[in-house]
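Here is how the chains run, residue by residue.
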Amino acid sequence: MIKRKQAAHFRTDLRETLVELIEACTHHILATRSVYPKSIFKKQLFGPVHCGVPVMVCEHPDVNSFITEGLTGFKEALMNQITLSIISQFDVVINQNTHEGDEIILETYSFKFEFLSCDGTSRQNLLLKQEDYSDIEHNIRALLLCLTSRITEMGEIKPKIIEYGDLDLSFNFRLHTVQRGADALANDLKWCKIPSEKSRNVTSEDPTDT
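Residues numbered from 1 in each chain as written. Predicted model: local features only at pLDDT ≥ 70, side-chain atom pairs only at ≥ 80, totals over all residues. Heavy atoms only, no water.

### Some details on the pattern of salt bridges
Test applied: For this document, the term salt bridge refers to a Lys or Arg side-chain nitrogen within 4 Å of an Asp or Glu carboxyl oxygen. Counting from the N terminus, the helices are the DSSP runs of H or I reaching at least four residues and the strands are the DSSP runs of E reaching at least two. Any residue under 20% of the maximum accessible area for its type is buried, any over 50% is exposed, and the rest in between are partly exposed; the area is computed with a 1.4 Å probe on protein chains only.
In total, this model carries six salt bridges according to the counting rule given. The closest approach of N and O atoms between Glu16 and Lys75, which form a salt bridge, is 3.7 Å. Residue Glu16 is found in helix α1 (residues 14–32), and its partner Lys75 is found in helix α2 (residues 61–79); the two are separated by 59 residues along the sequence. You can call Glu16 partly exposed: its relative accessible area is 25%. One salt bridge connects Glu153 with Arg150, and the closest N-O pair in it is separated by 3.8 Å. Of this pair, Glu153 and Arg150 are both found in helix α4 (residues 133–154), three residues apart, which corresponds to roughly one turn of the helix. Note on Glu153: relative accessible area 59%, which makes it exposed.

In C-alpha cells form, the structure reads like this:
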C-alpha cells in the first residue's frame, strides 16, 4: 500500500494497479477536500520515481485501516472471475452528517472500468506486457494531475444543510454491480450492505466519522 512506501513500478496485474490507483486517489481526495485535518497527511510520490506524481497520504491508523479494509474487499472481488464480470464502477463518496443522524451525499468521485482482452470478449488477459508500461504510467500520471487540478477549481466543499457548528464530514465506498452481484458480495464481505430497491444498483461500505 502507498502509505508504507511508494511503489518502484506499477503492478503487472491490471487489477492490482487499479486498486493502488484508487487508494492513492482516495487519500488525496480526503486531504484536499478537508474531510480530515491536513496535519494527519503527508506528501508522497505515487508511481515510478522518474514519473511519480505527488499525492497526499493519510498517516492516521484508523482512517488507513478503513481504507485498507474496503480496498482489500474490492481487490478480492476483482480477483474473482465471477464477480469481476459484474463489477463496473467504484466510487469514493463524501457525506455530510446531520444532527439528526442522516448522511447527505455532497460529492462522488467515480472510477469506471472494464477489463477486456484484445479481442474484446475475454476477461482472462489481465497482465501488463513490458511494452504497456509506458502508456500506463502516462495515463495514470495524467489522471492524478487532472484530479488535482479539478479539485483545485472546485473550491471549498459546500454543505447542503446549514447547521450550527463545524461541518461534520464522513466518507464511504460504493461498488456498482447488478443485484445478483450485490447478493454475492454481501455473502463474502462483512462491510457490504445492499440497497433495498431491487434494481441495478450499488453495494456500499459503512462510513467513517471525522
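Now that the structure is up, let's keep going.
### With respect to the packing of α1 against α4
To characterise two packed helices, one gives the angle between the axes of the helices and the distance between these axes. Note the following rule: For helices, the fitted axis covers only the stretch in contact; all axes are lines through C-alpha atoms, and the angles between them, taken along N-to-C directions, range from 0 to 180 degrees. Roughly parallel covers angles under 35 degrees, roughly antiparallel covers those over 145, roughly perpendicular covers 65 to 115, and oblique covers all other angles. Should the near helix be turned counterclockwise from the far one by less than a right angle, the crossing is left-handed, whereas a clockwise turn marks it as right-handed. A contact between two residues is defined here by any heavy atoms of the two lying within 4.5 Å. The nonpolar class holds Ala, Val, Leu, Ile, Met, Phe, Trp, Tyr, Cys and Pro. Asp, Glu, Lys and Arg form the charged class, and all remaining residues, Gly among them, are polar.
In the contact formed by α1 and α4, the axes pass within 11 Å of each other and the chain directions differ by 20°. If you check the angle between α1 and α4, you find them roughly parallel. Remark: the crossing between α1 and α4 carries right-handed chirality. Contacts from Leu14, Thr17, Leu21, Cys25, His28, Ile29 and Thr32 in α1 reach Ile136, Ile140, Leu143, Leu144, Leu147, Thr148 and Ile151 in α4. Counted by class, the contact of α1 with α4 contains 10 nonpolar, four polar and no charged residues.

### Let's talk about unusual backbone geometry
A positive phi is found at Ser34, a non-glycine position, where the angle reads about 55°. Topologically, Ser34 is positioned in the loop between α1 and β1 (41–46).

### With respect to the side chain of His28
Its location among the elements puts His28 in helix α1. By relative accessible area, His28 is classed as buried at 5%.

### Observations regarding α2
Rules: Helix span, as expected, comes to 1.5 Å for every residue beyond the first.
The end-to-end C-alpha separation of α2 is 26 Å, in line with the 27 Å expected for 19 residues at 1.5 Å each. Within α2, burial applies to Val63, Asn64, Phe66, Ile67, Gly70, Leu71, Gly73, Phe74, Ala77 and Leu78.

### Some thoughts on the environment of Thr177
Along the chain, Thr177 turns up in strand β5 (residues 169–177). Looking at Thr177, the relative accessible area reads 1%, which means it is buried. Note: C-alpha distance between Thr177 and Ser85 (92 residues apart in sequence) is 9.3 Å.

### Overview of the nonpolar core
Heads up, the rule is: What we call a nonpolar core is a set of buried Ala, Val, Leu, Ile, Met, Phe, Trp, Tyr and Cys residues that are connected through their side-chain atoms within 4.5 Å.
If you look at the biggest cluster of nonpolar residues, it comprises 47 residues, and the most contacted ones within it are Phe74 and Phe90. For this core, the leading source of residues is α1, giving nine residues. Among residues more than four places away in sequence, those in contact with Phe90 are Ile22, Leu71, Phe74, Tyr109, Ser110, Phe111, Phe113, Phe173, Arg174 and Leu175.

### What about the packing of aromatic side chains?
Selection criterion: Paired rings are identified among Phe, Tyr and Trp, the last through its six-membered ring, by centres lying within 6.5 Å, and are further divided according to the angle between planes into stacked (under 30 degrees), edge-to-face (over 60) and tilted (the rest).
Taken as a whole and judged by the stated rule, the model has seven aromatic pairs. Taking 6.0 Å as the distance between ring centres and 20° as the angle between the ring planes, the aromatic pair formed by Phe66 and Phe173 counts as stacked. Remark: Phe173 occurs in strand β5 and Phe66 occurs in helix α2; sequence separation between them is 107 residues. Phe173 carries the same exposure label as Phe66, and that label is buried. Connected via pairs of aromatic rings, a cluster forms that spans Tyr36, Phe66, Phe74, Phe90, Phe113, Phe171 and Phe173.

### Focus: the packing of α1 against α2
Their axes nearest at 10 Å, the elements α1 and α2 cross at an angle of 155°. The angle between α1 and α2 falls in the class roughly antiparallel. With respect to the hand of their crossing, α1 and α2 are arranged in right-handed fashion. On α2, the residues touching Arg15, Glu16, Leu18, Val19, Ile22, Glu23, Thr26, His27 and Leu30 of α1 are Val63, Asn64, Ile67, Leu71, Phe74, Lys75, Leu78 and Met79. By residue class, the composition of the contact of α1 with α2 is 10 nonpolar, three polar and four charged.

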